[in-house]
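What follows is each chain in one-letter form.
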Amino acid sequence: MTGEALVCLRCGTSHAADERLCPDCGLPLVPAGGGEAEVTPAQAWARKVKPSYAVGDLVRVVTARNLVEAEFIQSLLLEEGIPSTLRRTAGFDVPEMLAAGPRDVMVPLSGLQAAREMLLEVELLSTSERAESPLRLAGWLLVAVSVVGAVVWGGTELLT
Ligand SMILES: [Zn+2]
């Protein structure tokens, strides 16, 4: 019974509860036996995936700085029909529960090219991996603006 607690979203094969990805498709497994009348978020997700992008070994397309950025990238990829999973970047021993710490965004090999092109298009992937990501720069800009704003506001307060 407990041996087939999960099913693959794409091919529908049953898998043991301790597996996380379908060995054939590389897609996340979901609990079996959910309501069939309603479309679950997982099913909606599966319908967006283009099967031609879901073939091959998982490869890293980009490293996100944290879980929030990683999930944002995943949602962008999904809009293009590219399935993805996250892996904690090697060398960062942060407890799994924490949202902090970089994540590798992994896509099937057949979706890698499309994923790269899409991420380049939205400037999330620099041609040089070492360059600062635009998201990071935007974050720092926001911080700078709010700090300057606070200082100006505080200064006004002192003058009155
Ligand atoms: Zn499968």
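Remember, predicted model here, so these are calculated numbers, not experimental data.

As a further point, take the packing of helix 2 (residues 67–79) against helix 3 (residues 109–121). Packing of helix 2 against helix 3 brings their axes to within 10 Å, and their N-to-C directions diverge by 115 degrees. Relative to helix 3, helix 2 is oriented roughly perpendicular. The two elements helix 2 and helix 3 meet at a crossing, and its hand is right-handed. Residues Ile 73, Leu 76 and Leu 77 of helix 2 pack against Ala 115, Met 118 and Leu 119 of helix 3. Looking at the contact of helix 2 with helix 3 residue by residue, the classes come out as six nonpolar, no polar and no charged.

Once that is clear, we can look at the sheet that holds strand 5 (residues 85–88). Pairing is antiparallel across the open sheet formed by three strands, whose spatial order is 4-6-5. The strands lining the two open edges of the sheet, one partner per strand, are strand 4 (58–64) and strand 5. Averaged over all adjacent pairs, the angle separating strand axes in this sheet is 35 degrees, with direction ignored. Where strand 5 lies against strand 6 (residues 103–108), four bridges are found, and the strand directions are antiparallel. Directly across from Leu 86, in strand 6, lies its bridge partner Val 105.

What follows deals with helix 3. Look at helix 3: 19 Å from first C-alpha to last across 13 residues, which is about the 18 Å you get at 1.5 Å a residue. Where helix 3 is buried, its residues contact strand 4, helix 2 and strand 6. At the C-terminal side of helix 3, Glu 123 shows a positive phi close to 60 degrees.

Let us now look at the coordination of the zinc ion. For a metal bound by four donors in a tetrahedral arrangement, the ideal donor-metal-donor angle is 109.5 degrees, while six donors in an octahedral arrangement ideally sit at 90 or 180 degrees. At 2.2 to 2.3 Å from the zinc ion lie its protein donor atoms, namely Cys 8 (SG), Cys 11 (SG), Cys 22 (SG) and Cys 25 (SG). Sequence spacing among the residues donating to the zinc ion works out to C-x2-C-x10-C-x2-C. On the accessibility criterion, Cys 22 (2% relative accessible area) is buried. For Cys 25, a relative accessible area of 3% translates into the label buried.

Rules used throughout
- Residues numbered from 1 in each chain as written.
- Predicted model: local features only at pLDDT ≥ 70, side-chain atom pairs only at ≥ 80, totals over all residues.
- Heavy atoms only, no water.
- Axes fitted to C-alpha atoms, helices over the stretch in contact; angles between N-to-C directions.
- Helix = DSSP H or I, 4+ residues; strand = E, 2+ residues; numbered from the N terminus.
- Parallel < 35°, antiparallel > 145°, perpendicular 65-115°, else oblique.
- Left-handed = near helix turned anticlockwise from the far one by under 90°.
- Contact = heavy atoms within 4.5 Å.
- Nonpolar A, V, L, I, M, F, W, Y, C, P; charged D, E, K, R; others polar.
- Pairing = 2+ DSSP bridges.
- Expected span 1.5 Å × (residues − 1).
- Donors = N, O, S within 2.8 Å, 3.2 Å for Na, K, Ca; no water.
- Buried < 20%, exposed > 50% of the residue type's maximum accessible area, 1.4 Å probe, protein only.

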